[in-house]
There are 2 protein chains.
Amino acid sequence: MQNNYCIIMAGGAGMRFWPYSRNERPKQFLDFLGTGKSLLQLTFERFRRIMPAENILIVSNCLYRDLILEQLPELKSEQVLLEPTRRNTAPCINYAIHRIRAKTDTANIIVAPSDHLILKEDVFLQIINRGIDYISKNNNLLTLGIKPSRPETGYGYIQVEEGKANLCKVKTFTEKPNLELAKVFVNSGEFYWNSGIFLWNLQTIERAFNAFLPEVNSIFEKGKNIYGTLQEADFINDAYALCPNISIDYGVMEKANNVYVICADFGWTDLGTWGSLYEISEKDENGNAVLSCDANFYESANNLIVLQKDKVAVIQGLNDTIVVETDNVLLICKKEEEQRIRQFVNEINLKYNGEFN
Amino acid sequence: MQNNYCIIMAGGAGMRFWPYSRNERPKQFLDFLGTGKSLLQLTFERFRRIMPAENILIVSNCLYRDLILEQLPELKSEQVLLEPTRRNTAPCINYAIHRIRAKTDTANIIVAPSDHLILKEDVFLQIINRGIDYISKNNNLLTLGIKPSRPETGYGYIQVEEGKANLCKVKTFTEKPNLELAKVFVNSGEFYWNSGIFLWNLQTIERAFNAFLPEVNSIFEKGKNIYGTLQEADFINDAYALCPNISIDYGVMEKANNVYVICADFGWTDLGTWGSLYEISEKDENGNAVLSCDANFYESANNLIVLQKDKVAVIQGLNDTIVVETDNVLLICKKEEEQRIRQFVNEINLKYNGEFN
């Protein structure tokens, strides 16, 4: 347990949950389910159960420093690794790996996004513990695969070879497929959703970065005597200016041939869209889901209603619609049109000089 | 002008504009059009142009005393006549008539609701001036009739005899007709909407009360030495306990045979429903009306959107719907179902112990 480390990636700035998520408060900082805790807080507490708090690092954009320290008062500020610009997941993870290396020679490392939802936390932690046990004894890269419940076209898929007890060697990674292909994947039984949660030991991931992304690794390697000092912020500013924009999936996982996957079902959703939030939400007998507020419905079905706390909605004659209300914005949009929210946000911001980003 | 008096009736507590109007702030106190002024303030200022401010009396429920004095700082508190209970318009007007009598022997009196909207104010004031001229010379009861623009079933109608220059003798008053009858009324050209705005001189209305509602008149007559003293509030409490609940239309106007009407069009609406507000509101090319906020529409038509100030709405795929948002309530309801709002309010309040009245 003292040897377990976690890297929580919290730099995202998604627009898909607008107007609930905003530029200054992306979705990882929001309390989606009205539990009183943000997705980041839930993620932190989840891993806090299997390692000391000081072994958890949060990597995020420097914009969110204060918000992170406010939401996670248990953290020391040095545990928040600040990125000056967004360079996707590979530089983010490489930076954090070097920080862990500056403290220890051996570590079991979990990498996890901060903005996913996990409903079956106990199942999840069992799997994580099994994964930690595995990577502490095997120099392989491990990822968590989710048994697909539908032919989702928004996720990456992992094809696996035969394995035992749901631990399989990875055959291929596939990016977002079209619907036809997604159906083939799901029916084959060989494909799993890529959760973006990784486990590996320190030596193995270092070796993989050296092999497949040496140009990134050498940038952060140069700072080995600087991590933890007052010079770190300046060094990182310079380092990020040199970094390519590249994901860990594309840069490392897809190229390595020692990648394994634990296939599981722990009530996972990446909460990528209002629709995915609707899917996992509790619904009344007419398929209406209500988050963090209350609503009375009349002749209404299959809606998702998200208002501010302590607010009530009275909804008549509305179907298949997302209704989201925040401080200064009300969004009403058919569920099937939610991919256009990005367009709507751009247009309202054009009108108001970016006030509603 | 010194002899002109106005009685503004401001005691209503309508539920039809819920959640925008609430028990503690009925519609006369609200700024419906985002002009910065409530309907009561607009009404007061309208009459202020043709008489001294001290000749304007506001009759309302005692609940609203502070709100009225806050919205109309020009008023002395004695100009706000407080009713302990709601007894409809006849007692309200009789009380105010006695108050005017305590000050003067001759007066031209206008009675007007506080919660109607008048768009063509100059036309309205011309008509009022013409009416004042008429009642100062004729001992008749005068009412303002509105040329009907549609077979509205929510209004009372006035049938008129032949007249000149739009001043006609009233033949009959008819309460809310059904749609078929309303169509006949409108097509006949003989029927006008009853605006609820009355003009008469002091002697004439006293005589009418004596003739048709002596039981009400005698109650308030007993206070003739008390009006304007510290005993008035106690006297009025007792008086209202004895008063029947009766309207001026039913109690006086329909019974008198000296009732005349000026027929006119001054952009009047009683703002009785969200639908009537929608009718008179400015709309975009798709029939969407937006009040006191801003909205971007996509594939949406014939909606009425009323949010709090400085808020924006993004609306996709919504039609023929009322959307109203206030501090703690969001209402979404098809326009054609708005008569059910009363039911919705009752049900949400049953659930929350009246919190959302």
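S.K.: Teacher, can you tell me more about the relation of the copies chain A and chain B here?
M.R.: One copy of the chain maps onto the second through a rotation about an axis and a displacement along it. Between chain A and chain B, the superposition needs a rotation of 179 degrees and an axial shift of 0.2 Å, giving an RMSD of 0.1 Å. Each copy turns onto its partner about a two-fold axis. Ranked by how close their C-alpha atoms come to the rotation axis, the residues of chain A are headed by Leu318(A), at 4.3 Å. Take the interface residues of chain A: 100% of them recur as interface residues in chain B, which is what a same-surface contact looks like.

S.K.: Would you mind showing me how to read the side chain of His98(B) here?
M.R.: Residue and element names in this part refer to chain B. As for its placement among the helices and strands, histidine 98 is situated in helix 3 (residues 89-101). Among the residues examined, histidine 98 registers a relative accessible area of 6% and is labelled buried. A polar side-chain atom of histidine 98 sits 2.9 Å from the main-chain carbonyl oxygen of asparagine 94. Every residue in contact with histidine 98, bar those within four places of it in the chain, is listed here: Asn217, Phe220, Glu221 and Tyr227.

S.K.: Looking at this structure, how should I read the side chain of Asn61(B)?
M.R.: Residue and element names in this part refer to chain B. Residue position: asparagine 61 is located in strand 2 (residues 56-61). On the basis of relative accessibility, which here comes to 6%, the residue asparagine 61 falls in the buried class. Here asparagine 61 is in contact with Gly11, Leu82, Glu83, Pro84, Thr85 and Arg86, once residues within four sequence places are set aside.

S.K.: Got a minute to help me understand the interface of chain A and chain B in this structure?
M.R.: It is common to give the size of an interface as the accessible area lost on bringing the parts into contact. The interface is formed by 37 residues belonging to chain A together with 37 residues belonging to chain B. Interface area for chain A against chain B, summed over the two sides, is near 2900 Å², with a carbon-plus-sulfur share of 56%. Taken together, chain A and chain B are joined by 6 salt bridges. At the level of elements, strand 13 (294-298), strand 15 (312-316), strand 16 (321-325), strand 17 (329-334) and helix 11 (341-351) of chain A are the ones that each hand at least two residues to the side of chain A that touches chain B. Broken down by element, the side of chain A that touches chain B gets its largest block of residues, 6 residues, from strand 17 of chain A.

S.K.: I would appreciate a short explanation of the sheet that holds strand 12 (residues 289-291) of chain A in the present structure.
M.R.: The strands that make up a sheet are held in pairs by hydrogen bonds between backbone atoms, and each pair lies either parallel or antiparallel. Pairing in this open sheet of 6 strands is mixed, and the strands run 12(A)-14(A)-16(A)-17(A)-15(B)-13(B) from one edge to the other. The sheet is open, and its two borders are formed by strand 12 of chain A together with strand 13 (294-298) of chain B, each paired with just one other strand. Within the sheet, the average angular offset between the axes of one strand and its neighbour, ignoring direction, is 5 degrees. In this sheet, strand 17 of chain A lies alongside strand 16 of chain A in antiparallel orientation, the contact comprising 5 bridges. In the sheet register, Val323(A) faces strand 17 of chain A, and the bridge partner there is Ile332(A). Its contacts with the sheet place helix 11 of chain A against strand 17 of chain A together with strand 13 and strand 15 (312-316) of chain B, and it is angled at close to 140 degrees to strand 13 of chain B.

S.K.: Looking at this structure, I do not really get the pairing of strand 10 (residues 259-264) of chain A. What am I missing?
M.R.: The two faces of a sheet get side chains in turn, since along a regular strand they alternate between them. Residues and elements named next belong to chain A. Burial of strand 10 is extensive: 6 of the 6 residues sit out of reach of the surface. The side-chain alternation of strand 10 yields two buried faces, one formed by Val259, Val261 and Cys263 and the other by Tyr260, Ile262 and Ala264. In this structure, strand 6 (residues 141-146) lies alongside strand 10, joined through 6 bridges in parallel fashion. Residue pairing for strand 10: leucine 142 is matched across the bridge by tyrosine 260. Bridging between strand 8 (residues 167-174) and strand 10 involves 3 bridges; their strand directions are antiparallel. Its bridge partner lying in strand 10, leucine 167 is registered against isoleucine 262.

S.K.: I tried to follow the environment of Leu213(A) on my own but got confused; where do I start?
M.R.: All names here are of chain A. Checked against the element boundaries, leucine 213 lands in the loop between helix 6 (202-212) and helix 7 (214-221). Note: C-alpha distance between leucine 213 and glycine 251 (38 residues apart in sequence) is 6.4 Å. Setting aside anything within four residues of it in sequence, one finds leucine 213 in contact with Ala90, Ala208, Ile246, Gly251 and Val252.

S.K.: Is there a simple way to think about the pattern of salt bridges in this case?
M.R.: Summed over all chains, the structure comprises 38 salt bridges over all chains. For the salt bridge of Arg65(B) with Asp66(B), the shortest nitrogen-to-oxygen distance reads 3.0 Å.

S.K.: What is the right way to look at unusual backbone geometry in this model?
M.R.: One can expect most non-glycine residues to show negative phi and most peptide bonds to be in trans. Residue Pro19(A) is reached from Trp18(A) by a cis peptide bond, and omega for that bond is 5 degrees. Relative to the assigned elements, Pro19(A) resides in the loop between strand 1 (4-9) and helix 1 (39-48). In this model, Asn88(B) sits at a positive phi of 70 degrees, which is unusual for a non-glycine residue. Structurally, the position occupied by Asn88(B) is in the loop between strand 3 (80-83) and helix 3. Given a relative accessible area of 39%, Asn88(B) falls into the partly exposed group. Of note in the backbone geometry, Asn302(B) takes a positive phi value of approximately 60 degrees without being a glycine. When you line up the elements, Asn302(B) lands in the loop between strand 13 and strand 14 (304-306).

S.K.: Help me out: how do you make sense of the confidence of the model for chain A in this one?
M.R.: Low pLDDT means the predicted atomic positions in that stretch should not be read closely. Residue-level pLDDT values for chain A average 92, and 100% of them are 70 or greater. Taken together, the chains of this predicted complex give a pTM of 0.74 and an interface ipTM of 0.73.

S.K.: I'm lost on the sheet that holds strand 12 (residues 289-291) of chain B in this one. Help?
M.R.: Taken together, the 6 strands give an open sheet; going across it, the order is 13(A)-15(A)-17(B)-16(B)-14(B)-12(B), and neighbouring strands pair in mixed fashion. Both edges of this open sheet fall to strand 13 of chain A together with strand 12 of chain B, since each of them pairs with a single strand only. In this sheet, neighbouring strand axes are inclined to one another by 5 degrees on average, regardless of whether the strands run parallel or antiparallel. Across 4 bridges, the pairing between strand 15 of chain A and strand 17 (residues 329-334) of chain B is parallel. Counted as the bridge partner of Ala313(A) is Leu330(B) from strand 17 of chain B.

S.K.: Explain the packing of helix 3 (residues 89-101) of chain A against helix 8 (residues 232-242) of chain A to me, please; I cannot follow it from the model alone.
M.R.: Residue and element names in this part refer to chain A. Taken N-terminus to C-terminus, the directions of helix 3 and helix 8 make an angle of 145 degrees; their axes are 12 Å apart at the nearest point. The chirality of how helix 3 crosses helix 8 is right-handed. Contacts between helix 3 and helix 8 involve Pro91, Cys92, Tyr95 and Arg99 from the former and Glu232, Ile236 and Tyr240 from the latter. For the contact of helix 3 with helix 8, a count of residues per class yields 5 nonpolar, no polar and 2 charged.

Conventions and cut-offs
- Residues numbered from 1 in each chain as written.
- Chains lettered and ligands numbered in written order.
- Predicted model: local features only at pLDDT ≥ 70, side-chain atom pairs only at ≥ 80, totals over all residues.
- Heavy atoms only, no water.
- Least-squares fit on C-alpha atoms with pLDDT ≥ 70 in both.
- Contact = heavy atoms within 4.5 Å.
- Helix = DSSP H or I, 4+ residues; strand = E, 2+ residues; numbered from the N terminus.
- Buried < 20%, exposed > 50% of the residue type's maximum accessible area, 1.4 Å probe, protein only.
- Polar contact = N/O pair within 3.5 Å; in protein donor to acceptor, adjacent residues only side chain to side chain.
- Buried area = accessible area lost by both parts, 1.4 Å probe.
- Salt bridge = Lys/Arg side-chain N within 4 Å of Asp/Glu carboxyl O.
- Pairing = 2+ DSSP bridges.
- Axes fitted to C-alpha atoms, helices over the stretch in contact; angles between N-to-C directions.
- pLDDT = per-residue confidence, 0-100.
- Left-handed = near helix turned anticlockwise from the far one by under 90°.
- Nonpolar A, V, L, I, M, F, W, Y, C, P; charged D, E, K, R; others polar.

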